[in-house]
Amino acid sequence: MRNPPPPLSVTGDQSELDRLCRRVAELEEMVASLSETLHQERLRLERGPVVAVSWDERAGWPVSYVSSNIDQFGYTADDFTSNRIAYLDFIHPDDRERVIAEIAHLRAGQAPPLTRIEYRVVCADGTVRCVADFSRLVYDATGKIVRVDGYLLDVTRQKDTEKALRESATLLQRVIDHSSSTVYVKDIQGRYIQVSQQVINYLRRTREQILGKTDDDLFPPEVSAGWATTDQQIVTTGNPLEFEVEIPLYDGIRTFIAVKFPIFNEQGDIYAIGGIATDITEHIQVEAALRASEAKFRSIVEQSSDGISLTDEHGLLIEWSPGMEQITGLSRSAVIGQPVWEIQYRMLPADQQTPAIYAQLQASVQMAVKTGAASWLNRLVEQYLQRPDGRRWCAQQHAFPIQFNGGFLICAIVRDIIERKQMEQQLQLANAHLQQQAIRDALTGLHNRRYLDEALPREVQRAARHQQLVSVIMLDIDHFKRFNDTYGHDAGDTLLRAVGSFLQAHTRGEDITCRYGGEEFTLVLPGAALDHARQRAEQVRVGVQNLSVFHCGNPLESVTVSLGIAVFPEHGTTADVLMQAADRALYQAKQSGRNCVVEAQGEVNSSSC
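Everything in this summary refers to the structure shown in the same document. Note that this is a predicted model, so its numbers are computed, not measured.

It is worth spelling out the overall build of the protein at this point. Scanning the protein for helices and strands turns up 21 helices and 23 strands. Buried residues in the protein amount to 43% of all 609 residues. A total accessible area of about 32600 Å² is found for the protein, and carbon and sulfur atoms account for 51% of it.

On inspection of all chains with the given rule, the structure shows 34 salt bridges. Each of the salt bridges in this network shares a partner with another, and the network as a whole consists of Arg116, Glu118, Lys159 and Glu162.

Right, let's get into the sheet that holds strand β8 (residues 241-249). The strand order across the open sheet formed by five strands is β7-β6-β10-β9-β8, and the pairing between neighbours is antiparallel. Either end of the sheet is taken by a strand with one partner, and the two such strands are β7 (192-195) and β8. Adjacent strand axes in the sheet meet at a mean angle of 30 degrees, parallel and antiparallel pairs treated alike. Strand direction decides the pairing type here: strand β6 (residues 182-187) and β7, joined by three bridges, are antiparallel.

The next point concerns the packing of helix α18 (residues 480-487) against helix α19 (residues 489-505). The contact between α18 and α19 brings their axes to 7 Å, and the two run at 130 degrees. Looking at the two axes, α18 sits oblique to α19. Taken together, the residues of α19 that come into contact with α18 (itself represented by Phe480, Phe483, Asn484 and Tyr487) are His489, Ala491, Gly492, Leu495 and Leu496. Among the residues forming the contact of α18 with α19, the class breakdown is six nonpolar, three polar and no charged.

A word on the environment of Asn378. Locating Asn378 in the fold gives a position in the loop between α15 (355-371) and β13 (380-386). Asn378 sits in the partly exposed class, given a relative accessible area of 46%. The spacing of Asn378 and Ala399 is 21 residues in sequence and 5.7 Å in space, taken between C-alpha atoms.

What follows deals with the nonpolar core. Counting residues in each nonpolar core, the largest one holds 29 residues, and the members touching the most others are Leu475 and Ile477. Those elements that place two or more of their residues in this core are β16 (470-477), α18, α19, β18 (520-526), α20 (530-545) and β21 (561-568). Here this core takes six residues from α19, the largest share from any one element. When sequence neighbours within four positions are dropped, the list of residues in contact with Leu475 reads Leu503, Glu519, Glu520, Phe521, Leu523, Val540, Val561, Ser562, Leu563 and Leu586.

Along strand β3 (residues 115-122), the buried face is formed by Thr115, Ile117, Tyr119 and Val121; none of Arg116, Glu118, Arg120 and Val122, which line the opposite face, is buried. Note: β3 against strand β4 (residues 128-139), eight bridges, orientation antiparallel. Paired with Arg116 across the two strands is Phe134, which belongs to β4. Where β3 folds back onto β4 in an antiparallel hairpin, the turn is made up of five residues, including Gly126, whose phi is positive at roughly 90 degrees.

The subject of this paragraph is the environment of Ala395. With respect to the helices, strands and loops of the structure, Ala395 is situated in strand β14 (residues 392-404). Spatially, the C-alpha atoms of Ala395 and Ile418 are 7.7 Å apart, while their sequence positions differ by 23 residues.

Looking now at the sheet that holds β14. Pairing within the open sheet is antiparallel, and its five strands lie in the order β12-β11-β15-β14-β13. The sheet terminates laterally at β12 (317-320) and β13, the two strands that pair on one side only. Across this sheet, the average inter-strand angle for adjacent strands is 25 degrees, counted without regard to direction. As paired elements, strand β11 (residues 307-311) and β12 share three bridges and run antiparallel to each other. Its bridge partner lying in β12, Ser309 is registered against Trp320. Each of β11, β12, β13 and β14 is contacted by helix α14 (residues 340-347), which is oriented at about 55 degrees to β12, the strand it contacts most. Each of β11 and β15 (407-416) is contacted by α15, which is oriented at about 125 degrees to β15, the strand it contacts most.

Here the focus is the side chain of Asp149. Relative to the elements of secondary structure, Asp149 occurs in strand β5 (residues 145-154). Within the local environment of Asp149, its side chain forms a polar contact with the side chain of Ser54, the two groups lying 2.6 Å apart. With sequence-adjacent residues up to four places away left out, Asp149 is seen in contact with Val53, Ser54, Phe134, Ser135, Arg136 and Val138.

Here we take up a negative patch on the surface. Negative charge collects at one region of the surface, where Glu266, Asp453, Glu454 and Asp576 lie side by side. Glu454 sits in the partly exposed class, given a relative accessible area of 42%.

So, how was this worked out
Residues numbered from 1 in each chain as written. Predicted model: local features only at pLDDT ≥ 70, side-chain atom pairs only at ≥ 80, totals over all residues. Heavy atoms only, no water. Helix = DSSP H or I, 4+ residues; strand = E, 2+ residues; numbered from the N terminus. Buried < 20%, exposed > 50% of the residue type's maximum accessible area, 1.4 Å probe, protein only. Areas by Shrake-Rupley, 256 points an atom, 1.4 Å probe, with all protein chains shown as cover. Salt bridge = Lys/Arg side-chain N within 4 Å of Asp/Glu carboxyl O. Pairing = 2+ DSSP bridges. Axes fitted to C-alpha atoms, helices over the stretch in contact; angles between N-to-C directions. Parallel < 35°, antiparallel > 145°, perpendicular 65-115°, else oblique. Contact = heavy atoms within 4.5 Å. Nonpolar A, V, L, I, M, F, W, Y, C, P; charged D, E, K, R; others polar. Core = buried A, V, L, I, M, F, W, Y, C linked by side-chain atoms within 4.5 Å. Polar contact = N/O pair within 3.5 Å; in protein donor to acceptor, adjacent residues only side chain to side chain. Patch = residues over 30% accessible without salt bridge, like charges linked within 9 Å, V, L, I, M, F, W, Y side chains within 5 Å. Lys, Arg positive; Asp, Glu negative; His and termini not counted. Charge placed at Lys NZ, Arg CZ, Asp CG, Glu CD.

The structure is reproduced here in structure tokens:
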């Protein structure tokens, strides 16, 4: 804005009068420019998610101003400014005293000048939502508080997502706490951020005494140095690592089979290291006992809930524990003396039982009992198998060779982990569902504005690289507020769903269809030129006008839409500029009488209504 003119000085001659007229014209131009700027700022505010509200502390906190986007809570601005509802009535009854106390702290200078207060509000339809209110005091020239200005942001979805994540994390913690293996996660600095109950049991410390600590805090230097080496190897290679390790604990040295693996963030960077360690100390003791006494071995395996089998140097089964009978559904009498590859083959699902697989199993076992070497020895192996009754189960097996009589015995310890696998799949599905909820509009099923904010810049960058076009169509349902006032918000929701379904059904697979907010929708058409975009916009305009929508069995009146078109790179070379161009074209369509399509053309718009 230009600097204000100097004070007026009026004399009686004609030249002074002419100068005065020019000055008045300049002032009028400045006022018009300021008015237009304020108008545009208000339009941007009222199209956004943040609701502006001003109220004072008289009884009930009457509202003097509220932006029109208060309609996201089911109210109109007039509901507040006409005193049909006071601001305290808008706040949930259970939160009012706390909010009053927070405002009192603000008045007393005991809170920051711009204070964030979170509380619940009651929507017009009786539903409850959570808002973040950024409040500040407004003073007059004498320093007296005249009102409170607040800026409300609906954070209900954020709160719901945080709750779901907390519940998911709690569920995951319960799962790993019931694991017989030690499970842990460390951040990239080596601090423990999650541990299972078995870790607590082995270290004889509380969870609080472990979390935030490093291996240097918990283990002797020779052990922590080894952990640091494996951690660095995983960070460097980005690959999981399996190894056997001995750790001195309160009851002596114990041996574990450990699996460490990197955990990546959405950007593909390693931000944590996970580990699962299975205590095989008892298994090694069993191995020693086998060499000394078969009877002692049998007493151990019969007491184990895990399945344990022993294969002799000829590949024939000589031990099949009660645990193995229970897990596999195969009795001891049916398998003892049989080639182990025959039993393995019988447990495979039918679609894997081929002559080639049979030959591979036979050759692998014969090599293992001859040399003590095979890819599945001395490591944890997981495989889906099938019982004779058709029930599917997942075997987690640790097999190791025992030198005997010039060859090797093979001892296998097996556990059914099907329930753990099913739980992992459920957690994966739940996480995938949460991700979809974050980018989908709950009412229409279309992508939401958050997705658009991520997808449109990506499409523009792709188009720029390949020298292609991208068209953006913004459309707004005409007189939607009047429609809601006439038929109610439930009918309005029905209409929004119908429009969303129509848009989804009339777009290409590569197109992006979003609910931009309220009654506004956005279409992104990769590769579409202006003529094609205009044709598509006209099809949408006519199609929506001809929609037959029913609510509670009754037909609703037809509606029209106004549409604005902008094309990359003609009307903007960035996503933000392109959206602004389409928004200006939509605004021009509204000003031109609605129910029409307007193309953005720099400073000039071309329309067909």
